[in-house]
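Below are the chains, spelled out letter by letter.
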Amino acid sequence: MTEKLKLDEQDRKILELLNRDATYSEIAEQLGITKSELESRIRRLSDTRIKVLIVDDEPDTLLPLKRALEQEDYNVIEARDGLEALEKVRTEIPDLVLLDLMLPGINGFEVCQRLKQDEMTSYIPVIMLTAKSEVPDKVKGLELGADDYVTKPFDLAELKVRIKAVLRRTAP
Amino acid sequence: MNRDSRVAILVICVVLIVMVILLGLRSHGEVRETVRTQYGEQQLMLARQAASSISEFANERVTIIEILARDRSGDPVDNITRCFQTIYTKSEGFYSIEYINASGVVVYGYPEERAPIGYDLYAENRSDIFEAVRDDGETRICRPTYLFEGGLGSFIWVPVHDGEEFRGVILAIIRVSTISDKFIAPLMANRTGYVYMMDNHGQMLYNGELFERPWNGWTAIQSDQASGKEGTATCSDATNEEYIVAYAPVRWRDQLWSVGVLVPESEVDSLIRSVYKEQMIFLGAVIAIITGGSGGLILMFSRWNKRLEAEVKAKTCDLVRTNEELTRANKQLKELDKLKSEFVSMVSHELKTPLAAMKTSAQVLQGDGIGGETRQEMLNVILRNIDRQTKLVTDLLDLSRIESGRMKLDKEKVSLGDIIEDAVENVRQEAEGKGLRLDIDLPEGLSPIYGDSGKLRQVLINLLDNAIKFTAYGGRIGIKVRELNGQVELRISDTGVGIPAEELERIFDKFYQVGGAQTRGTGLGLAICKGIIEAHGGRIWAESRPGEGSTFVIVLNK
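Residues numbered from 1 in each chain as written. Chains lettered and ligands numbered in written order. Predicted model: local features only at pLDDT ≥ 70, side-chain atom pairs only at ≥ 80, totals over all residues. Heavy atoms only, no water.

Considering the overall build of chain A
Note the threshold: The helix and strand labels rest on DSSP assignments: H or I over at least four residues marks a helix, E over at least two residues marks a strand, and numbering proceeds from the N terminus. Radius of gyration here uses only the C-alpha atoms, and the compact-globule reference equals 2.2 Å multiplied by the residue count raised to the power 0.38. Here the term buried applies to any residue with accessible area under 20% of the maximum for its type, exposed to any over 50%, and partly exposed to those in between, with areas from a 1.4 Å probe on protein chains only. Contacts are assigned to residue pairs that have any heavy atoms within 4.5 Å of one another. To measure how exposed things are, a 1.4 Å probe is used in the Shrake-Rupley method; for residues, cover is taken only from the protein chains shown. When charges are counted, Lys and Arg are positive and Asp and Glu negative, with His and the chain ends excluded. Charged groups are reduced to one reference atom each: NZ for lysine, CZ for arginine, CG for aspartic acid, CD for glutamic acid.
When helices and strands are counted, chain A shows eight helices and five strands. Along chain A, from the amino end to the carboxyl end, the secondary structure elements read α-α-α-β-α-β-α-β-α-β-α-β-α. A globule of 172 residues ought to have a C-alpha radius of gyration of about 16 Å, and chain A, at 17 Å, matches this closely. On the principal axes, the C-alpha backbone points of chain A span a range of 55 × 30 × 30 Å. Residues classed as buried in chain A amount to 48% of the 172 residues present. The contacts in chain A between residues at least 6 apart in sequence include a share of 58% that link residues at least 24 apart. Entry remark: accessible area of chain A is about 8600 Å², with carbon and sulfur atoms responsible for 49%. Charged side chains of chain A number 27 positive and 35 negative; the gap between the two group centres comes to 2 Å.

Comments concerning the packing of helix α5 (residues 82-92) of chain A against helix α6 (residues 108-117) of chain A
Residues and elements named next belong to chain A. To keep it simple, the criterion reads: Angular values range over 0 to 180 degrees, each being the angle between N-to-C directions of two axes fitted as lines to C-alpha atoms, with helices fitted over their stretch in contact. Angular relationships are summarised with four words: roughly parallel below 35 degrees, roughly antiparallel beyond 145, roughly perpendicular across 65 to 115, and oblique for the angles in between. Here a crossing is taken to be left-handed if its near helix is turned anticlockwise relative to the far helix by less than a right angle, and right-handed if that turn runs clockwise. Three categories are distinguished: nonpolar for Ala, Val, Leu, Ile, Met, Phe, Trp, Tyr, Cys and Pro, charged for Asp, Glu, Lys and Arg, and polar for the others, with Gly belonging to the last.
As a packed pair, α5 and α6 sit with axes 9 Å apart at the nearest point and diverge in direction by 25 degrees. Between α5 and α6, the angle is such that the two are roughly parallel. At the point where α5 passes α6, the crossing takes the right-handed sense. For the pair formed by α5 and α6, the contact residues are Gly82, Ala85, Leu86 and Val89 on the first element and Val111, Arg114 and Leu115 on the second. Residue classes in the contact of α5 with α6 are distributed as five nonpolar, one polar and one charged.

Regarding the environment of arginine 140 of chain B
Residues and elements named next belong to chain B. The following threshold applies: Identification of polar contacts relies on pairs of N or O atoms within 3.5 Å, with a donor-acceptor requirement for protein atoms, meaning one able to donate a hydrogen and the other able to accept it, and with residues adjacent in sequence counted only if both atoms are side-chain atoms.
In this structure, arginine 140 sits in strand β3 (residues 140-141). For arginine 140, a relative accessible area of 32% translates into the label partly exposed. Each C-alpha atom, one on arginine 140 and one on asparagine 426, is 163 Å from the other, the two residues being 286 residues apart in sequence. With residues near it in sequence (within four places) discarded, arginine 140 still touches Ile129, Ala132, Val133, Phe155, Ile156 and Trp157. At 3.3 Å, the side chain of arginine 140 and the side chain of aspartate 136 are in polar contact.

Brief notes about the packing of aromatic side chains
Aromatic rings considered in pairs are described by the distance between their centres and by the relative angle of their planes. Just so we agree on the cut-off: Only Phe, Tyr and Trp rings take part, Trp by its six-membered ring, and two of them pair if their centres are within 6.5 Å. Stacked means planes under 30 degrees apart, edge-to-face means over 60, and tilted covers everything else. Placement of a positive charge over a ring is assigned whenever Lys NZ or Arg CZ falls within 6 Å of the ring centre and within 35 degrees of the normal to the ring plane.
Enumeration over the complete set of coordinates arrives at 15 aromatic pairs over all chains. With a centroid separation of 5.7 Å and 45 degrees between ring planes, the pair formed by phenylalanine 84 of chain B and tyrosine 108 of chain B is classed as tilted. One end of the pair, phenylalanine 84 of chain B, is in helix α2 (residues 77-90); the other, tyrosine 108 of chain B, is in strand β2 (residues 106-110), with 24 residues separating them in the sequence. Cluster of aromatic residues (ring-pair linked, three or more members): Tyr194, Tyr196, Phe211, Trp215, Trp218 and Tyr243 of chain B. Its end group placed over the ring of phenylalanine 109 of chain A, lysine 140 of chain A keeps NZ or CZ at 4.4 Å from the ring centre.

Side note on the sheet that holds strand β18 (residues 549-557) of chain B
Residue and element names in this part refer to chain B. Using the following cut-off: Two strands pair if DSSP finds at least two bridges between them.
Within the open sheet, the five strands sit side by side as β13-β15-β16-β18-β17. Their pairing is mixed. Unpaired on one side and paired on the other, β13 (437-441) and β17 (539-545) mark the two borders of the sheet. Going across the sheet, the axis of each strand differs from the next one's by a mean of 15 degrees, ignoring polarity. As judged from the eight bridges shared by strand β15 (residues 476-484) and strand β16 (residues 487-494), these two strands associate in the antiparallel manner. Looking at β16, one finds that leucine 484 is bridged to glutamine 487. Running over the sheet, helix α8 (residues 416-433) touches β13, β15 and β16 and is turned about 175 degrees from β13. Helix-sheet contacts for helix α9 (residues 453-469) involve β15, β16, β17 and β18, and the interaxial angle to β16 is about 25 degrees.

Topic: a nonpolar patch on the surface
Residue and element names in this part refer to chain B. Quick reminder of the rule: A patch consists of residues exposed above 30% relative accessible area that lack any salt bridge, with like charges linked at up to 9 Å and nonpolar side chains (Val, Leu, Ile, Met, Phe, Trp, Tyr) linked at up to 5 Å. By definition, a salt bridge exists where a carboxyl oxygen of Asp or Glu is found within 4 Å of a side-chain nitrogen of Lys or Arg.
A cluster of nonpolar side chains, Val7, Val11, Ile12, Val15, Leu16 and Met19, forms an exposed patch at the surface whose accessible area comes to about 520 Å². As for its placement among the helices and strands, valine 15 is situated in helix α1 (residues 3-71). Classification of valine 15 by relative accessible area gives partly exposed; the value is 42%.

Structural notes on the domain arrangement of chain B
Which entries qualify depends on this criterion: Start and end points for every domain follow an automatic or database-based domain assignment.
Taken domain by domain, chain B consists of domain 1 (1-264) and domain 2 (407-557). The C-alpha-based centres of domain 1 of chain B and domain 2 of chain B are spaced at 132 Å.

Examining the pairing of strand β5 (residues 148-151) of chain A
On a regular strand, each side chain points to the face opposite its neighbour's, so the side chains alternate between the two faces of the sheet. All names here are of chain A. As a reminder of what qualifies: A clockwise course of the path from the first strand over the helix to the second, judged with the strands pointing away from the viewer, identifies a crossover as right-handed.
For strand β4 (residues 126-130) and β5, the ladder comprises four bridges, and the chain directions are parallel. Residue pairing for β5: methionine 128 is matched across the bridge by tyrosine 149. On the question of chirality, the crossover connecting β4 to the parallel β5 by way of helix α7 (residues 135-143) is right-handed.

Take a look at the structure:
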């Protein structure tokens, strides 16, 4: 699973230093980051599960989905609005984003567009997950670069299959 | 009519008046010449009339004497002289009538006191005319000469021949003053000017003193008069005042006199002036009528125009208003359409979201190896979303009832204080969770109101929920009640984000949400609140200052 990890420059440096048996304090000092941040990065680097970011402002939609995916052994992280979603993608580098469209602030379409326009994040597959079931919305979402479009209420089994399919399709 | 056309009409009027005046001035010269000629002719007529009257009078007198001399030529002298008195009295105008016998002595005269009885022509050596008359037997009239008694007189010598026998001469004297008093003096009565008479030798017979002062152009006139011509001419006096002279000859046998009428030219001017005066009055009246009339027309047109303009303006205003109304209606329709599609989208979202949550939760529960904690979580999600769904359906039904006027109120006497406390309890937990202070200000002894406690509670909870939702952590929410005249006023205020002034009216419209879809909600709450309050016969409105908070005010009848 290690080859599936998406590493940024700092992650590579952390791995390199760890291989030279440097202590956490030395590494944090050398990279100019706090020790807690280093610890969270190392925790992340050590977690080899597939990481899924769920973006939804409705806690009641988010929670069951999170539990269901956790049961499937996904590492699930969450964001409640568009800005938080962009921030999480940048810091957590998820393997997949489940994106709701009706979000406060920046809506789902815009989040998708920004992710797909940024070279650093454009490879991350996005599945749109929304109550908007009209064809124009689907077309728009797919045109913006979404990899799949699932309407609420969805079937959990189907969603799981689709997630797997998208991951398989987009695997490097 | 606009200002320009009014000015144009005035200018046209002024130009017309100026043209009339110019034409009048131009014709003045011609008019004056014509009037002057006419006036001269008139003076000539006067002179001619006077002259012919004089001729007739004088010739008549001569004829009378001649008839007497011929008829009575054989009679004794006494018979002849007896007729003198009759002739003198019947035919006025003679100064005296005398009889000179064949030897040249005055033997009789009438009136006697004027007759120089016994005057011997030969002795006085004045027998030349007597002898001439005696010899040729013709009547002879002498140039006027001065009488003994003073004044000029004309002597008429008429011979009396009985066959070949010369019996004597009848001498009649006519005083020039008799003629002038009778025919000339009245001519100039009540008129400006002079009249004069002269004979063909240049001797003045009447008004001779007129020519004691110098006259320019007089000589030519005098020579015309002396040669018996008639006509008009001009001359001027020492002060250069122009005069018109009209003259006509008096022919009395071989005597040639001339009557002249002398009038100042200023008479012509005054005549013209008097004519002009009349004309000016007429012209003035015409101008007054024209200007008055055109002024009236202008006034009439401008009033008419103003009325038309006002009508057009009113019509235009109507059109503009109608247009605005249509535009507004159109905008409202578009807005409504947008709201409708937003509503459909919202309802679809709001209905599907809880369903999705419930479905996912249920499917999680179906799975194997679920921990007790997760099971409980999932059940809670399902229950919460059933409530949420229920509330949405209830709201939609409420709204539908409000709109169709089918909302049923379960009215009774209720305590507003109880309802408020109940509502506050309902939201207290949520408010405290957000660190909001709840201030409740209820007056003591608040009288009960007549209403549906359940629906009023719903309204209060909705307003409080909104206040909590839009107020940041640590803010304050106040509820204040006060009694007015037969009414109760309830104010729910917060220190939240506030509502823009232009949206204050619309927040009570169904589906309307401040800031569009930015904030989540159904957009039904306030519409339902309004419906409930209005169903109670009350009013609800909002006051707000963006950034400082909002206050929702409810006024209910007791």
